[in-house]
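Understanding the architecture of this molecule
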Amino acid sequence: MKQTRKFCVLALALCAAILFSGCIKSDMHMSVNKNRSMDFSATYLVADYLANMSTGDDTTQNGVDENSENWKNLTERGYTLEKIEEEGYVGFKASRHYDSIDDVSKEGGVG
């Protein structure tokens, strides 16, 4: 019982250390216009050392690069993607314009 408690405390401390270390950055922005159109953008960045550790090379950024299935899927869904390198972080920005906010709910399967 005591070993399990120690393990849980250690695992929780490790998770907190990773979360508070600043190794991941994300930013999402949504702008709904008066004509009910919407602009959406999301930026996901991972620390260089973490991206290299998880993928094994410098070309793949957080599992998304021009040759990956994720990149192709997002592009097919109408997103514009661009790679971003920023002060020790690598990642991508995905953006998309919706002509109507109703299109968002239709795409997600909610009517």
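Scroll up to find the structure this text is about.
The shown structure was predicted, so the numbers you read here are calculated from the model rather than taken from an experiment.

**Here's the deal with the overall build of the protein**
- The helix and strand tally for the protein stands at four helices and four strands.
- Across the protein, helices and strands are ordered from the amino to the carboxyl terminus as α-β-β-α-α-β-β-α.
- In the protein, which comprises 111 residues, the proportion classed as buried is 26%.
- Summarising the internal contacts of the protein: among those between residues at least 6 apart in sequence, 48% fall at separations of at least 24.
- A total accessible area of about 8200 Å² is found for the protein, and carbon and sulfur atoms account for 56% of it.

**A short note on the pairing of strand E4 (residues 89-98)**
- Where burial is concerned, most of E4 is hidden: seven out of the 10 residues are buried.
- Summarising the sheet, strand E2 (residues 38-47) and E4 pair through 10 bridges and their orientation is antiparallel. Looking across to E4, one finds that serine 41 is bridged to serine 95.
- Where strand E3 (residues 80-86) lies against E4, seven bridges are found, and the strand directions are antiparallel. Residue pairing in the sheet places leucine 81 in a bridge with alanine 94 of E4.
- In textbook terms, the turn of a hairpin is the stretch between consecutive antiparallel strands, and for E3 and E4 this stretch comprises two residues, one of which, glutamate 87, has a positive phi near 40 degrees.

**Quick word on the environment of glutamate 85**
- Among the structural elements, glutamate 85 can be located in strand E3.
- Through-space distance from the C-alpha of glutamate 85 to that of aspartate 48 is 9.0 Å; in sequence the pair is 37 residues apart.

Analysis parameters
Residues numbered from 1 in each chain as written. Predicted model: local features only at pLDDT ≥ 70, side-chain atom pairs only at ≥ 80, totals over all residues. Heavy atoms only, no water. Helix = DSSP H or I, 4+ residues; strand = E, 2+ residues; numbered from the N terminus. Buried < 20%, exposed > 50% of the residue type's maximum accessible area, 1.4 Å probe, protein only. Contact = heavy atoms within 4.5 Å. Areas by Shrake-Rupley, 256 points an atom, 1.4 Å probe, with all protein chains shown as cover. Pairing = 2+ DSSP bridges.

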